[in-house]
Amino acid sequence: MTNKQNEEKKELARVLFMAGEPQNAIAARTGISRQTVNRWVADGGWAEQRAAKNITRPELVNKLLRTIDKLIVQVNESGDERLVAGVGDKLSKLASVIEKLDKKANVVDAIEVFMAFGKWLQYRAAFDTAITPELLKAINKYQDLYISELIGAKIK
């Protein structure tokens, strides 16, 4: 297999992995050994990338709200004046995190749309020969560039 063919298979494997495909299915679909797919996942940090893309803003906000609720219940049940005094600061910090998540909403929304689009492309690729590994690679490149620039603009 040529280096170009190997890179095309690797990119297709990455797209499939990011869309949630199991590694054994990726290996079967790309004709690459499961060990190679495992190595690509580990070396490329694909699991971390997939986890980051799959955590939605509403899920994060809900987790923070549940944390706030637990904190308030613990403080109320404890009757400890020191905990009551410190709860305001903790609530303020959690509220600040929620506010920051709202400011980054368009970044998260874009990632969610790109993930849905990637799943749709994966579905279409099964019967649409125009969806090639090269096309998927180009789309991923520009989606990643867009997200990077969007994040960079938010930081400034």
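Please refer to the structure higher up on the page.
Residues numbered from 1 in each chain as written. Predicted model: local features only at pLDDT ≥ 70, side-chain atom pairs only at ≥ 80, totals over all residues. Heavy atoms only, no water.

Student: What am I meant to see in empty space enclosed by the protein here?
Tutor: In this approach the atoms are scanned with a rolling probe the size of a water molecule, which exposes any empty space left behind. Inspection of every chain in the model, using the stated rule, returns one cavity of 30 Å³ or more. In this structure, the largest cavity spans a volume of roughly 200 Å³. In terms of lining, the largest cavity is formed by 17 residues, of which the most central are Phe114, Met115, Gly118, Asn140 and Gln143. Broken down by secondary-structure element, the contributors of at least two residues to the lining of the largest cavity are α1 (3-18), α7 (105-125) and α8 (133-155). For the lining of the largest cavity, the element with the highest residue contribution is α7, accounting for seven residues. Of the residues assigned to the lining of the largest cavity, the class counts are 10 nonpolar, three polar and four charged. (1 Å grid on protein atoms, 1.4 Å probe; cavity = no way out; pocket = protein on both sides within 12 Å on 5 of 7 lines; lining within 4 Å. Points joined across faces, edges and corners; volume = space filled by probe spheres on them. Helix = DSSP H or I, 4+ residues; strand = E, 2+ residues; numbered from the N terminus. Nonpolar A, V, L, I, M, F, W, Y, C, P; charged D, E, K, R; others polar.)

Student: In this structure, what is going on with helix α2 (residues 23-30)? I would like to understand it.
Tutor: For the α-helix, the turn length of 3.6 residues means that residues three or four positions removed from each other point alike. Among all positions in α2, only Gln23, Ile26, Ala27 and Thr30 are buried. Each buried residue of α2 lies within a common arc of 100° when the element is viewed along its axis, so the set occupies one face. Buried-residue contacts for α2 involve α1 and α3 (34-44). Of the residues trailing α2, Gly31 is marked for its positive phi of about 75°. (Buried < 20%, exposed > 50% of the residue type's maximum accessible area, 1.4 Å probe, protein only. Arc of directions from axis to C-beta. Contact = heavy atoms within 4.5 Å.)

Student: Would you explain the packing of α1 against α2 in this entry?
Tutor: Helix packing for two helices is described by the angle between their axes and how far apart those axes are. Interhelical geometry of α1 versus α2 gives an angle of 145° and a closest axis separation of 10 Å. The two elements α1 and α2 cross, and the hand of that crossing is right-handed. Contact with α1, carried on its side by Lys9, Leu12, Ala13, Leu16 and Phe17, involves Gln23, Ile26, Arg29 and Thr30 of α2 and no other residues of that element. For the contact of α1 with α2, the residue count by class is five nonpolar, two polar and two charged. (Axes fitted to C-alpha atoms, helices over the stretch in contact; angles between N-to-C directions. Left-handed = near helix turned anticlockwise from the far one by under 90°.)

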